[in-house]
Each structure stands twice: as C-alpha cells, then as structure tokens.
Amino acid sequence: MRLLAIAGGVGGAKLALGLARLLPPDDLRIVVNTGDDETFHGLHVSPDLDTVTYTLAGLSNEEMGWGLAGESFRALEALGRLGADTWFRLGDLDLATHIRRTDLLRQGATLTEATREIASRLGVRHAVVPMSDEPVRTIALTDEGELAFQDYFVRRRCEPRIAGVRLDGAEYAAPSPAFTAALAEADAIVFCPSNPLVSVGPILALPGVRAAIEGFGGPRIGVSPIVGGTAVKGPAANMMAELGEEVSCVGVARRYAGLLDRFVIDAVDAAHADTVAQLGVRPHVANTLMTTEADKVALAREVLALAGGAA
Ligand code: FO1
C-alpha cells in the first residue's frame, strides 16, 4: 500500500506520524505545503516542512506547536538588540535548520533536496516532500489590505478580517518531481487534518494537481480538521467563518467536493454524517483528536483501513 499524504502544519504532522508508525518508509510520502514559507534575517524558513520533519524525528516542541523541543531564543534576543524584527520567534536550535537549508539552496540544491538532507540528518526515514521547488506565497486579503501569510498569522494574530487568499506563484509553480512521482505511484491519497484554505489549498492550486486527484483511480480519504465547530489547532475555523463558510466538517467536505471518496469526521460530529453523504463523500465516524501517540496511530489505522491497506 503506497500512500500519499497531503499535509500542512501541526494536524497534518500528527497524522503523518501515526501513518509513519504503521507504514515502511517506501510506502509513505508526505507532501507538504510551502505557501507559508518566508524569508527572515535572510534565511529560508519553511514552517510546515519543519513541523512535519521535527514531528517525525520526535523533536517537535509540543507546547509551542512549532519549532524544536528544549528551545531557547538567545540569538533572537541578540538580533533584536541589533535592530532586527523579532516578532517571528525563531529559536536557537531551529535557526540551525534555516541556516543549513538556506546554505544548501544557495549551493544549488532544490528545496526537495535540502529537505531530504535535513530530514535524513535528523533521523527521518519517510519522505517529506515539498509541494514545489518553486516559490508559492500565500497572501491574506484582509480588510487592512494584503498581508504575507506569516505577517497575518503571527504578527497580526489573524486579527484583520480575511476576505480571501491569493496564492502568488501557484499558477506557474510546477509540483516538485517527487510530488508528481508520488501522485503517479500512490495506491491511495490521504488529506491530513490541515487547514483546507491555507495548508491544503496551495497544494491543490499547483498546475495539474486538482485534476490528477479528481481523476485518481484509488481511494481518497480526508480527515476533518474541524471538530465540534472549531479547529483543533490554528486559524481554520476563524478563517472559514470570515469567508462565510459553514464552520463544521460539512464546510470542509464542501471544499473537498470531487476530491474525496471517504471523509473521517469526529464522533462529536456524527450528526453531520448524512449531510456529508449528500455531498457525495461517504463519511466515517472516528475519534480524531490526536493527543497521544496512541491516538495518532489509532487514527492512522482507521485511515489505512479505509484506504484498503489495513495495518
Ligand atoms: N507561530 C507563531 O504563532 N508564532 C511564532 O513566533 C512562530 C514562529 C515560528 C518559527 C519557525 C516555524 O517553523 C514556525 C513558527 N510558527 C510560529 C508557526 C508558523 O507560523 C505556523 O505554524 C505555520 O506557518 C502554519 O502552519
């Protein structure tokens, strides 16, 4: 069973970890959003790639929800003293990743190659694949104007009202060769419980990706990131509400119409199952909150069973 998992940050990383515990490295490829990437202090920062990589490596900082465990911020304090902006909190250990990635890119590596090198040095055996080697930048269109994603999300804490997003570069950015290969070779596709608008959206916006998933021959399984009318983590619920979408697993299923065969919704949302089914997606009710590693593995097991490759 070769699985392609589509992921953004924290929620995607959690399910990816569960899947990685059940599938051998050759059978799982995790394609990750890079629309959140940004340059800070001249360094290429790829938050979602790092969240997935650190989680698979067992190094992630669970309290912060980003970066590395045991982090400190002395370099950032020093940068602040020197007049640099420090609202994006890059930790001392995390900075090593961004320095290394930036250096590899400067030497001519693709983002896929740089990610593979960093992940393998951190002991990750499954493939963590950037959606594209070319730049795509998510821009929040807000009532206070256009804001680069991290500006909107971190500096402004999602306070400006969002009216939509623009995905700069997505029209022209080819899916990375490793993503294209994963799509061609996959037996099943899993949409991890990531933000449908700003995590999965940029991946689907790349040329040919939506059509390839629409025409995919195997099972396509999604997991709702909205549980009981709120996002498990991050701004998805807030964004969906401001965009006038239904903030529920139904709203997410609507966004993914035509792309999914099965949609895993949480037990607290069981009452929505019929409405999801009316959208042409067969619902599957499960416990989707992934607090412990056992939760992650249990949900991954359900997903694999739906994909027809019970582990
Ligand atoms: N999120 C925050 O809310 N505040 C931060 O200061 C912050 C710093 C940061 C540094 C490195 C990194 O990889 C991620 C970081 N994040 C921070 C998270 C990031 O903004 C988001 O999680 C993703 O872009 C959304 O998936």
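Everything numeric here is computed off the predicted structure, so don't read it as measured data.

**Student:** It is not clear to me how the layout of surface pockets should be interpreted in this structure. Could you clarify?
**Tutor:** Empty space among the atoms becomes visible once a probe the size of a water molecule is rolled across them. Roughly 810 Å³ of volume is contained in the largest pocket. Along its surface, the largest pocket is lined by 46 residues, and Gly 9, Val 10, Asp 48, Gly 65 and Phe 153 are the ones closest to its centre. Contributions of two or more residues to the lining of the largest pocket are made by α1 (10-22), α2 (47-57), α4 (92-106), α6 (149-155) and α8 (196-205). By residue number, the principal contributor to the lining of the largest pocket is α2, which donates 5 residues.

**Student:** Got a minute to help me understand the packing of aromatic side chains in this structure?
**Tutor:** Aromatic ring pairs are reported here in terms of the distance separating the ring centres and the angle at which the planes meet. Following the criterion strictly, the structure yields 5 aromatic pairs and no others. Aromatic pair Trp 87 and Phe 88: ring centres 6.1 Å apart, planes at 80°, arrangement edge-to-face. Of the residues examined, Trp 87 reaches a relative accessible area of 27% and is grouped as partly exposed. Feature note: the residues Phe 40, Trp 87 and Phe 88 constitute an aromatic cluster, connected by ring pairs. Taking NZ or CZ as reference, Arg 89 lies 4.3 Å from the ring centre of Phe 73, over its face.

**Student:** What am I meant to see in the packing of α4 against helix α5 (residues 111-121) here?
**Tutor:** Where α4 contacts α5, the axes come no closer than 9 Å and their chain directions differ by 140°. In terms of their interaxial angle, α4 and α5 are classed as oblique. Between α4 and α5 lies a crossing whose hand is right-handed. Where α4 approaches α5, its residues Thr 97, Arg 100, Arg 101, Leu 104 and Leu 105 are matched on the opposing element by Leu 111, Ala 114, Glu 117 and Ile 118. Counted by class, the contact of α4 with α5 contains 5 nonpolar, 1 polar and 3 charged residues.

**Student:** Help me out: how do you make sense of the pairing of strand β14 (residues 282-286) in this one?
**Tutor:** For a regular strand, side chains alternate in direction, first toward one face of the sheet and then toward the other. Where strand β13 (residues 262-266) meets β14, 5 bridges bridge the pair, whose relative direction is parallel. The residue bridging Asp 266 from the neighbouring strand is Ala 286, located in β14. Once the chain exits β13 it traverses helix α12 (residues 273-278) before rejoining the sheet at β14, and the crossover so formed is right-handed.

**Student:** How do you make sense of the site of the ligand when you look at a structure like this?
**Tutor:** Within the structure, the ligand sits among 13 residues, and Asp 36, Asp 48, Trp 66, Arg 89 and Gln 150 are positioned closest to it. One nitrogen or oxygen atom from the side chain of Asp 48 is found 2.7 Å from an oxygen atom belonging to the ligand. In isolation the ligand exposes 540 Å². Once the protein is present, 86% of that is buried. Listed by contribution, the elements that provide at least two residues to the shell around the ligand are α2 and α6. No other element matches α6, which puts 4 residues into the shell around the ligand.

Definitions and cut-offs
Each chain has its residues counted from 1, running along the sequence as written. Totals for whole chains, interfaces and linings use every residue, but because this is a predicted model, local features are given only for residues with pLDDT of at least 70 and side-chain atom pairs only at 80 or more, for both listing and counting. Side-chain measures were taken over the full set of non-hydrogen atoms in the model, leaving aside hydrogen atoms and water. We place a 1 Å grid over just the protein atoms. Points where a 1.4 Å probe fits but has no way out form a cavity, open points with protein on both sides within 12 Å along at least 5 of 7 lines form a pocket, and any residue with an atom within 4 Å of a point lines it. Grid points are joined across faces, edges and corners, and a volume is the space filled by probe spheres set on the points. Note on conventions: DSSP H or I runs of at least 4 residues are helices, E runs of at least 2 residues are strands, and numbering of each starts at the N terminus. Here a Phe, Tyr or Trp ring, Trp counted by its six-membered ring, pairs with any other such ring whose centre lies within 6.5 Å, and the pair is stacked when the planes are under 30 degrees apart, edge-to-face when over 60, and tilted otherwise. Exposure classes here rest on a 1.4 Å probe applied to the protein chains alone. A residue is buried below 20% of its type maximum, exposed above 50%, and partly exposed in between. Sitting over a ring, as applied to charges here, requires NZ of Lys or CZ of Arg to be within 6 Å of the ring centre and within 35 degrees of the ring normal. Note on geometry: axes are lines fitted to C-alpha atoms, helical ones only across the stretch in contact, with angles between N-to-C directions running from 0 to 180 degrees. For classification, angles of less than 35 degrees are called roughly parallel, those exceeding 145 degrees roughly antiparallel, those between 65 and 115 degrees roughly perpendicular, and all remaining angles oblique. Take the far helix as your reference; a near helix turned counterclockwise from it by less than a right angle gives a left-handed crossing, and one turned clockwise gives a right-handed crossing. It only takes one pair of heavy atoms within 4.5 Å for two residues to be counted as in contact. Residue classes follow a fixed rule: Ala, Val, Leu, Ile, Met, Phe, Trp, Tyr, Cys and Pro count as nonpolar, while Asp, Glu, Lys and Arg count as charged, and any other residue, Gly among them, counts as polar. The criterion for strand pairing is that DSSP finds at least two bridges linking the strands in question. Here, the term right-handed applies to a crossover whose path from the first strand over the helix to the second runs clockwise when the strands point away from the viewer. Near residues are defined by distance, with any heavy atom within 4 Å of the molecule or strand qualifying the residue. We define a polar contact as two N or O atoms separated by no more than 3.5 Å, with the added condition that, inside protein, one atom must be a possible hydrogen donor and the other a possible acceptor, whereas residues neighbouring each other in sequence contribute only through side-chain atom pairs. Areas reported as accessible are Shrake-Rupley estimates using a 1.4 Å probe. Residue values count occlusion only from the protein chains shown.

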